[in-house]
Amino acid sequence: MALIVQKFGGTSVGSVEKIKNVANRVIEEAENGNEVVVVVSAMGKTTDQLVSMARDISGSPSKREMDMLLTTGEQVTISLLTMALIEEGHEAISYTGWQAGMQTESVHGNARILNIDATRIQAQLQEKKIVVVAGFQGNDANGEITTLGRGGSDTTAVAIAAALNADRCDIYTDVTGVFTTDPRYIKGARKLQSISYDEMLELANLGAGVLHPRAVEYAKNYQIPLEVRSSMERESGTIIEEEATMEENLIVRGIAFEDSITRVTIYGLPQSLGALSTIFTTLAKNRINVDIIIQSMTAEDTTNLSFSTKSEDTEAALIVLENNKEQLGFDRVETESGLAKVSIVGSGMVSNPGVAAEMFEVMANTGIQVKMVSTSEIKVSTVVNEKEMVKAVESLHEAFKLGQHANVLA
């Protein structure tokens, strides 16, 4: 007997028929003799619809009341799924996040999990029941309902798996696994049999939407094996674990990309020791996330500084900089929008020098200008024109042979 945590996303439970299909997948696991805990998201576009209704009432709705509103979406799903399981003759019970013992920090809209008291879940498992838990939600020390932000249901599932010391956590979604890149854009994208936590974490942080970075980080910290698989197709998915099998000895395992990037350039900063620290501390205090950073000295004993940020954060960043211009001591700020970030990821890059050079050569041969660069041990990120994003990904995917032998793994 194994203890399995299953997570089903919004598209997987988007209708009553789909919920019945999910119930069948859950029952299959239970009839294999396993204990099963199921974590679900709100049905389909429910969360978007709730947000829209709130916006129709208020341009700036209370964050507390938004949490009260949005958590109702998952409660609908857990009730319907539990009814479907009972209808098929299986004992089951549903819990909201707080009933399941999900304890979070006191932050509305993007709370982090502090602890899980899994006593109630364990008691129901001992009674041979399937436990269905609402993802994305918990409560704080004051009993206030909180939500976990984007990817919250993934994080809920992995956190529960860690609290229960589960044998595996299966993330069911509308794709059959983790691909070398997004198959919606690149026809030759190939499903991976396995990938390491570190590689998946990089891909998730760099724009791959199949898993939220926080969920991957949780899995790595608690060594929970994850499998990303399809809720509709009956086939194996992608295993995410500490040491992934090196398929075909690939140095690069995947390519992530993200559009709507803006480069912000600050001219005329003083060349003082604390200038950079002051700039980024000021931005961080105002919750402005920056990514790739480039600094260059000038002949006038000043510094020019460029950083990339998501385009949706650009206006806020410019307001913060302008409000602190006197303290920061710069001359002017310029922006360049319409950019995208393209990144290659692979743990094999650590022991194989020259990967970045090959990436730049491919980009040059394809006629793509690289505007910014950032590297780590297992990734190289570049900023390019948004119009050339897909062309860049296609060229790199082919150059690093990520689409070969697709028939072996599909």
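None of the values given here were measured: they were computed from a predicted structure.

The rules we used
- Residues numbered from 1 in each chain as written.
- Predicted model: local features only at pLDDT ≥ 70, side-chain atom pairs only at ≥ 80, totals over all residues.
- Heavy atoms only, no water.
- UniProt positions renumbered as here; feature names shortened; annotations may be inferred.
- Helix = DSSP H or I, 4+ residues; strand = E, 2+ residues; numbered from the N terminus.
- Buried < 20%, exposed > 50% of the residue type's maximum accessible area, 1.4 Å probe, protein only.
- Contact = heavy atoms within 4.5 Å.
- Polar contact = N/O pair within 3.5 Å; in protein donor to acceptor, adjacent residues only side chain to side chain.
- Pairing = 2+ DSSP bridges.
- Axes fitted to C-alpha atoms, helices over the stretch in contact; angles between N-to-C directions.
- Phe/Tyr/Trp six-rings, centres within 6.5 Å; stacked < 30°, edge-to-face > 60°.
- Salt bridge = Lys/Arg side-chain N within 4 Å of Asp/Glu carboxyl O.

Explain the UniProt feature "binding site: substrate" (unreviewed entry) in the protein here, please?
Under the UniProt annotation, "binding site: substrate" (unreviewed entry) lies at Thr47 and Glu74. Spanning 28 residues, the named residues nonetheless gather at one spot, since no C-alpha pair among them exceeds 8.9 Å. Along the chain, Thr47 turns up in helix α2 (residues 46–57). For Thr47, a relative accessible area of 24% corresponds to the partly exposed category. In contact with Thr47, not counting residues within four places along its chain, are Ala42, Leu70 and Glu74. In this structure, Glu74 sits in helix α3 (residues 63–87). If we ignore the near neighbours within four places in the chain, the residues touching Glu74 are Val40, Ser41, Ala42, Thr47, Ala134, Gly135, Phe136 and Gln137.

What should I look at first to understand helix α7 (residues 213–222) in this one?
Residues lying three or four places apart along an α-helix face the same way, a consequence of the helix completing one turn every 3.6 residues. Looking at α7, one finds that the buried residues are Pro213, Arg214, Ala215, Val216, Tyr218 and Ala219. Those residues of α7 hidden inside the fold are in contact with β5 (113–116), α5 (152–163), α6 (197–205) and β11 (226–230). Gln223 sits one or two positions beyond α7 and adopts a positive phi of about 55 degrees.

Even after reading the chapter, I still don't get the side chain of Thr77, so can you show me in this structure?
Of note, Thr77 is situated in helix α3. Thr77 sits in the buried class, given a relative accessible area of 0%. One polar contact links the side chain of Thr77 to the main-chain carbonyl oxygen of Gly73, over a distance of 3.3 Å. Residue contacts for Thr77: discarding those within four places in its chain leaves Val13, Val40, Ser41, Ala42 and Met43.

How should the UniProt feature "binding site: ATP" (unreviewed entry) in the protein be read in this particular structure?
UniProt's entry tags Lys7, Phe8, Gly9, Gly10, Thr173, Asp174 and Arg184 with the feature "binding site: ATP" (unreviewed entry), counted in the numbering of this structure. Taken along the chain, the residues just named run across 178 residues; in space they spread out, the farthest C-alpha pair reaching 22.6 Å. Locating Asp174 in the fold gives a position in the loop between β9 (168–173) and β10 (194–196). Overall, Asp174 belongs to the exposed group, its relative accessible area being 55%. With respect to the secondary-structure elements, Arg184 resides in the loop between β9 and β10.

Looking at this model, I keep getting lost on the sheet that holds strand β12 (residues 238–241). Mind explaining?
Either a parallel or an antiparallel arrangement is found when strands of a sheet pair, and the pairing is made through backbone hydrogen bonds. Across the sheet, which stays open at both edges, the eight strands sit in the order β3-β6-β2-β1-β9-β11-β12-β10 with mixed pairing between neighbours. Each having just a single partner strand, β3 (92–95) and β10 make up the two edges of the open sheet. Each strand of the sheet is rotated relative to its neighbour by a mean of 20 degrees, with strand direction disregarded. Taken together, the five bridges between β9 and β11 define a ladder with parallel strand orientation. Considered in β11, the bridge of Asp170 is made with Glu227. Each of β2 (35–40), β3 and β6 (130–134) touches α3; the most contacted strand, β6, lies at about 165 degrees to it. Sheet strands touched by α6: β10 and β12. Its angle to β10, the strand with the most contacts, is close to 85 degrees.

Got a minute to help me understand the sheet that holds strand β16 (residues 332–345) in this structure?
One open sheet accounts for six strands, arranged β14-β15-β13-β16-β18-β17; its pairing is antiparallel. The sheet terminates laterally at β14 (293–297) and β17 (372–376), the two strands that pair on one side only. Each strand of the sheet is rotated relative to its neighbour by a mean of 25 degrees, with strand direction disregarded. Examined bridge by bridge, β14 and strand β15 (residues 302–310) share five bridges and lie antiparallel to one another. If you follow Ser296 over to β15, its bridge partner there is Asn304.

Help me understand unusual backbone geometry, please; the structure alone is not making it clear to me.
Of all residues except glycine, most have a negative phi; of all peptide bonds, most are trans. The phi torsion at Asn165 lies on the positive side, around 55 degrees, for a residue other than glycine. Take Asn165: its relative accessible area is 62%, and that puts it in the exposed class. One non-glycine residue, Ser260, adopts positive backbone phi at about 60 degrees. Mapped onto the elements of the fold, Ser260 is located in strand β13 (residues 254–270).

Is there a simple way to explain the packing of aromatic side chains in this structure?
Two descriptors summarise a pair of aromatic rings, namely the distance from one centre to the other and the angle between the planes of the rings. As enumerated under the stated definition, the model contains four aromatic pairs in all. Ring plane angle 10 degrees and centroid distance 4.5 Å describe the contact between Phe8 and Tyr172, whose orientation is recorded as stacked. Taken together, the residues Phe8 in strand β1 (residues 3–8) and Tyr172 in strand β9 connect sequence positions 164 residues apart. Residue Phe8 is classed as buried on the basis of its relative accessible area of 0%.

Can you help me understand the pattern of salt bridges in this one?
The tally for this structure, following the rule as stated, stands at 19 salt bridges. For Lys341, the salt bridge identified is with Glu258, shortest N-O distance 3.9 Å. Here the residue Lys341 occupies a position in strand β16, and Glu258 occupies one in strand β13, the gap between them amounting to 83 residues. Like Lys341, the residue Glu258 is buried in the burial classification. One network of salt bridges, with partners in common, ties together Glu29, Arg168, Asp170 and Arg229.

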